[in-house]
Amino acid sequence: MKRIKKGSIVARKSYNNDILFIVDKIISTNNSRVALLTGLIERITADSPIEDLELIDKSVAKENLKKLDYKINERFKTLLSSNNIDNAGKNKRMNEKIITGKILHLDGDSCLDNKNSLLT
């Protein structure tokens, strides 16, 4: 059985494995071990006893990321094809200039930027 260590992808059993985390650090105390966690998809930090953590396979984490990307793409498609259609059948939003590119988070974390590289 694999051990939970720094860099492992885990979920908390007590929260029904609702959020995937990456283990940042493991702290040993007199009688227990606690993991400091950072959310893989959600922007969250937490701590948890090692006994409460369940290892998550990388393929499951990749599938969660694919589902999130699919949801985002579907919302974008819905936005573009929403009720903003004029009589000529053209989307009014399409007349606006849409700029795409990278988003700079001044308080960001390089791990968040490279979340896909963590799964390879």
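One can find the structure itself at the top, above this paragraph.
Residues numbered from 1 in each chain as written. Predicted model: local features only at pLDDT ≥ 70, side-chain atom pairs only at ≥ 80, totals over all residues. Heavy atoms only, no water.

Asks: What am I meant to see in the overall build of the protein here?
Replies: Counting its secondary structure elements, the protein contains two helices and five strands. By the burial criterion, 22% of the 120 residues in the protein qualify as buried. Put simply, of all contacts in the protein between residues at least 6 apart along the chain, 42% involve residues at least 24 apart. Counting every atom, the protein has about 9,500 Å² of accessible surface; 51% of that belongs to carbon and sulfur. (Helix = DSSP H or I, 4+ residues; strand = E, 2+ residues; numbered from the N terminus. Buried < 20%, exposed > 50% of the residue type's maximum accessible area, 1.4 Å probe, protein only. Contact = heavy atoms within 4.5 Å. Areas by Shrake-Rupley, 256 points an atom, 1.4 Å probe, with all protein chains shown as cover.)

Asks: Explanation requested: the sheet that holds strand β4 (residues 45-49) in the structure shown.
Replies: Strand pairing within a sheet occurs via backbone hydrogen bonds; the two strands may be parallel or antiparallel. One open sheet holds the five strands; their spatial order is β4-β3-β2-β1-β5, and the pairing between them is antiparallel. With partners counted over all chains shown, the strands left at the sheet margins are β4 and β5 (53-55), one partner each. Looking at each pair of strands side by side, their axes are set apart by 45° on average, direction ignored. With five bridges connecting them, strand β3 (residues 33-39) and β4 associate as antiparallel partners. Within β4, the residue paired with Thr38 across the bridge is Thr45. (Pairing = 2+ DSSP bridges. Axes fitted to C-alpha atoms, helices over the stretch in contact; angles between N-to-C directions.)

Asks: Sorry if this is basic, but what is going on with the pairing of β3 here?
Replies: On a regular strand, each side chain points to the face opposite its neighbour's, so the side chains alternate between the two faces of the sheet. The pairing of strand β2 (residues 20-28) with β3 spans seven bridges and is antiparallel. Across the sheet, residue Ile27 finds its bridge partner in β3, namely Val34. Counting the residues that bridge the hairpin from β2 to β3 gives four residues.

Asks: I keep staring at the pattern of salt bridges and nothing clicks. Help me out?
Replies: When their charged atoms lie close together, side chains carrying opposite charge are able to pair. Going through the model one piece at a time under the given rule, you end up with one salt bridge. A salt bridge links Glu74 to Lys77; its shortest N-O distance comes to 3.6 Å. Taken as a pair, Glu74 and Lys77 lie in helix α1 (residues 58-80) at a separation of three residues, close to a single helical turn. Relative accessible area serves as the criterion here: at 27%, Glu74 is assigned to the partly exposed category. (Salt bridge = Lys/Arg side-chain N within 4 Å of Asp/Glu carboxyl O.)

Asks: Explain the pairing of strand β1 (residues 9-12) to me, please; I cannot follow it from the model alone.
Replies: The two faces of β1 match: Ile9 and Ala11 on one face and Val10 and Arg12 on the other face are all buried. Two elements, β1 and β2, share three bridges in a ladder whose sense is antiparallel. Residue Val10 lies in a different strand from β2, and its bridge partner there is Phe21. Here β1 pairs with β5 via three bridges, running antiparallel. Directly across from Val10, in β5, lies its bridge partner Leu55.

Asks: Could you clarify how one ought to interpret the environment of Leu36 in this entry?
Replies: Mapped onto the secondary structure, Leu36 falls in strand β3. Given the relative accessible area of 31%, Leu36 is considered partly exposed. For the pair Leu36 and Ser48, spaced 12 residues apart in the sequence, the C-alpha separation amounts to 6.8 Å.

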